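# Inside the fold
Each chain is listed here by its residues.
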Amino acid sequence: MSEANTSAADDEAMVICTPPDLRDRAQIVKDSSLPKKSKKRYELTYNMFLKWQSEHQVDESLCSEDVLLVYFEEQAKIKSPNTLWSMYSMLHKMIFLKQKKDISKYVHLDDFLKSNSKGYKPKKAKIFRDEEISKFIETAPDECYLAVKVILIFGILGACRSDEMVNMTTENIVRFESPQKMYLVSIPEENKTNISRSFTITDSKYFDIVERYLNLRPKDLPSGRLFVTYQGGRCIRQFIGKTKISAAAKEIASFLELEPALYTGHSFRRSSATLLADSGADMLAIQRLGGWKSMTVASGYADNSMHQKKRIEALIESRITPTTKKFTYKKPSHPSVLSQPSPTPSTSHELEDTRIQQPDKSQYIIEDIQGDVFNIENVQVLSQIVQNESTLPISTDSGALPNIANSNTSMLPIAENSSTPFIFQNCSITINMK
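## Considerations on the overall build of the protein
Along its length, the protein carries 15 helices and 14 strands. Across the 434 residues in the protein, those meeting the buried criterion constitute 39%. Restricting to contacts in the protein with at least 6 residues of sequence separation, those with at least 24 account for 64%. Total accessible area computed for the protein in this model is approximately 25500 Å², and 51% of it derives from carbon and sulfur atoms.

See the structure below:
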């Protein structure tokens, strides 16, 4: 007798020796290990496989690799690769629970599923761009779209799934007055990944929309569920279900004259991750936003971030050829900040060169220099116009303003949010773009 058959026989003997009441209790524990939300899907998938075995006169206890290969080969003709992988995952769990067989060891079955997935591009819900979100929030009339606006705000700021918004209650949203008006929203933990998440609503426009909706919500509802139906400028005693929340994306697309069929409830979540990626956030921040367990899954939601593409392009090009950028520069009209003021009146010019040659004893202001690095050579005077005693936006390793006056060469890394003009006298400037 083989080792596998011996093991199976031992397991069967142990089951026979186990008292019936303990077997029943053990089965309840096993069933409870299935995801509560999708337990019915697991059982349905397993029962469909058993039915197929019966139709092909295969013993239910025979879950060999050959049987599963034929079954999945037939299913591949009518189902997408994504659906097949989902079926495989559910059958793997159910067969192990019911028959104590681990189909993950079936190498040929795994190879077949991988081969079947090659070249397949799953359809993804279309995302809303930032300008489309702003347009809907600002132009859609509240009389018709107030609830849809709130769903959009929650979906974008919290990367919420449709069922998460359905299960959200009034206890999940807390209002704060200080230090600024805001809502802190906690997402119900009974979600797909059971990861705790929360988000804030601080923008005055979004805050006012949410508050207006909450004030219209009936106070004596039998349940604390947050989202209720909004009609004719008022909320009625009817809760919004998952289908209605998912349909909100199509309503928005229809109002914006897009293609409603391409938008689903998942559009909010994908839009949220993509907007965050376009802002320059790293994948860890995106993973935390959506509560994804895997970094790989999180990266799939960042819809070809333009920020990342431009950043990569700039890094490559910077190694090939100097970058040229237009700057606005002008003779200063602030003689008090310079040790040798120029009598020349203020004028403006456009400069398109990475090398600026200044004539002796001339003074220039260079503006729009956010995030760039300047190599300053032969500096006699360097000043900065500081309004309202604001902090100098020059970033250095030590955090202090570098002393480059009358030096031969220095480098100034300019802070990302700097928009204050800099004044140079009798110097040459090389601009090295990031």
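On we go.
## Some points on the sheet that holds strand 3 (residues 197–201)
Pairing is antiparallel in the open sheet, where three strands are placed in the order 1-2-3. Since the sheet does not close on itself, it has two edges, and those belong to strand 1 (173–176) and strand 3, each with one partner. Direction aside, the axes of adjacent strands within the sheet are offset by 20 degrees on average. Pairing of strand 1 with strand 2 (residues 182–187) involves four bridges; the strand directions are antiparallel. What sits directly across from Phe-176, in strand 2, is Met-182.

## So, a nonpolar patch on the surface
On the surface, Ile-312, Ile-316 and Ile-320 cluster together into a nonpolar patch covering about 320 Å² of accessible area. Mapped onto the elements, Ile-312 comes out in helix 15 (residues 306–318). With relative accessibility at 46%, the residue Ile-312 sits in the partly exposed group.

## A short note on the environment of Arg-225
Assignment of secondary structure puts Arg-225 in the loop between helix 10 (204–216) and strand 4 (228–231). Considering only alpha carbons, one finds Arg-225 and Thr-170, 55 residues apart in sequence, at a separation of 6.3 Å. Other than its neighbours up to four places away in sequence, Arg-225 contacts Val-166, Met-168, Thr-169, Arg-217, Phe-239, Ile-240 and Gly-241.

## Overview of the pattern of salt bridges
One pass over the full model with this rule turns up eleven salt bridges. Asp-142 serves as the salt-bridge partner of Lys-149, at 2.7 Å between the closest nitrogen and oxygen. The two residues Lys-149 and Asp-142 agree in class, both being buried. For Glu-164, the salt bridge goes to Arg-197, with nearest N and O atoms at 2.8 Å. Within this pair, whereas Glu-164 is found in helix 9 (residues 162–167), its partner Arg-197 is found in strand 3, the two being separated by 33 residues in sequence. Like Glu-164, the residue Arg-197 is buried in the burial classification.

## Quick notes on the packing of aromatic side chains
On inspection of all chains with the given rule, the structure shows 15 aromatic pairs. Seen in terms of ring centroids, Trp-85 and Tyr-88 are 5.8 Å apart; in terms of plane orientation they differ by 85 degrees. Their pairing is edge-to-face. With a gap of three residues between them, Trp-85 and Tyr-88 both fall in helix 5 (residues 81–99), about one helical turn apart. With a relative accessible area of 11%, Tyr-88 lands in the buried category.

## Structural notes on helix 11 (residues 242–255)
Helix length check: helix 11, at 14 residues, gives a terminal C-alpha distance of 21 Å against a target of 20 Å (1.5 Å per residue), a fit within 8%. A bend of about 25 degrees at Ala-248 is the largest found in helix 11. Listed in full, the buried residues belonging to helix 11 are Ile-245, Ala-248, Ala-249, Ile-252 and Ala-253. Summarising the contacts, the buried residues of helix 11 are in contact with helix 7 (130–139), helix 8 (142–158), helix 9 and helix 12 (266–278). Once helix 11 finishes, Glu-257 follows within two positions and takes phi at roughly 60 degrees, a positive value.

## Details of the packing of helix 4 (residues 65–75) against helix 6 (residues 107–117)
Interaxial distance between helix 4 and helix 6 falls to 9 Å at its minimum, and their mutual angle equals 15 degrees. By the angle class used here, helix 4 and helix 6 are roughly parallel. As helix 4 runs across helix 6, the sense of the crossing is right-handed. Contacts from Glu-65, Leu-68, Leu-69, Phe-72 and Glu-73 in helix 4 reach Val-107, His-108, Leu-109, Phe-112 and Leu-113 in helix 6. Looking at side-chain class alone, the contact of helix 4 with helix 6 contains seven nonpolar, one polar and two charged residues.

## Description of the pairing of strand 3
In strand 3, alternate side chains face the same way, and those of Arg-197, Phe-199 and Ile-201 are buried while those of Ser-198 and Thr-200 on the opposite face are not. The pairing of strand 2 with strand 3 spans five bridges and is antiparallel. From the neighbouring strand, Val-185 faces strand 3, where its bridge partner is Phe-199.

## A short note on the nonpolar core
Within soluble globular proteins, side chains that are nonpolar generally end up buried alongside one another. By size, the foremost hydrophobic cluster in this structure holds 46 residues, and its most contacted members are Phe-154, Ile-201, Val-210, Tyr-213, Phe-227 and Phe-268. Residue assignment for this core shows that the elements contributing at least two residues are helix 7, helix 8, helix 9, strand 2, strand 3, helix 10, strand 4 and helix 11. With ten residues, the single largest contributor to this core is helix 8. Of all hydrophobic cores here, the second largest spans 23 residues; its members include Tyr-46, Cys-63, Met-87 and Leu-91.

## With respect to the environment of Ala-125
Here Ala-125 shows up in the loop between helix 6 and helix 7. Spatially, the C-alpha atoms of Ala-125 and Arg-269 are 9.6 Å apart, while their sequence positions differ by 144 residues. Once residues lying within four places of it in the same chain are set aside, the contact partners of Ala-125 are Leu-262, Thr-264, His-266, Ser-267 and Arg-270.

Reading the values: rules and limits
Residues numbered from 1 in each chain as written. Predicted model: local features only at pLDDT ≥ 70, side-chain atom pairs only at ≥ 80, totals over all residues. Heavy atoms only, no water. Helix = DSSP H or I, 4+ residues; strand = E, 2+ residues; numbered from the N terminus. Buried < 20%, exposed > 50% of the residue type's maximum accessible area, 1.4 Å probe, protein only. Contact = heavy atoms within 4.5 Å. Areas by Shrake-Rupley, 256 points an atom, 1.4 Å probe, with all protein chains shown as cover. Pairing = 2+ DSSP bridges. Axes fitted to C-alpha atoms, helices over the stretch in contact; angles between N-to-C directions. Patch = residues over 30% accessible without salt bridge, like charges linked within 9 Å, V, L, I, M, F, W, Y side chains within 5 Å. Salt bridge = Lys/Arg side-chain N within 4 Å of Asp/Glu carboxyl O. Phe/Tyr/Trp six-rings, centres within 6.5 Å; stacked < 30°, edge-to-face > 60°. Expected span 1.5 Å × (residues − 1). Bend = angle between axes of the 7 residues up to and from the residue. Parallel < 35°, antiparallel > 145°, perpendicular 65-115°, else oblique. Left-handed = near helix turned anticlockwise from the far one by under 90°. Nonpolar A, V, L, I, M, F, W, Y, C, P; charged D, E, K, R; others polar. Core = buried A, V, L, I, M, F, W, Y, C linked by side-chain atoms within 4.5 Å.

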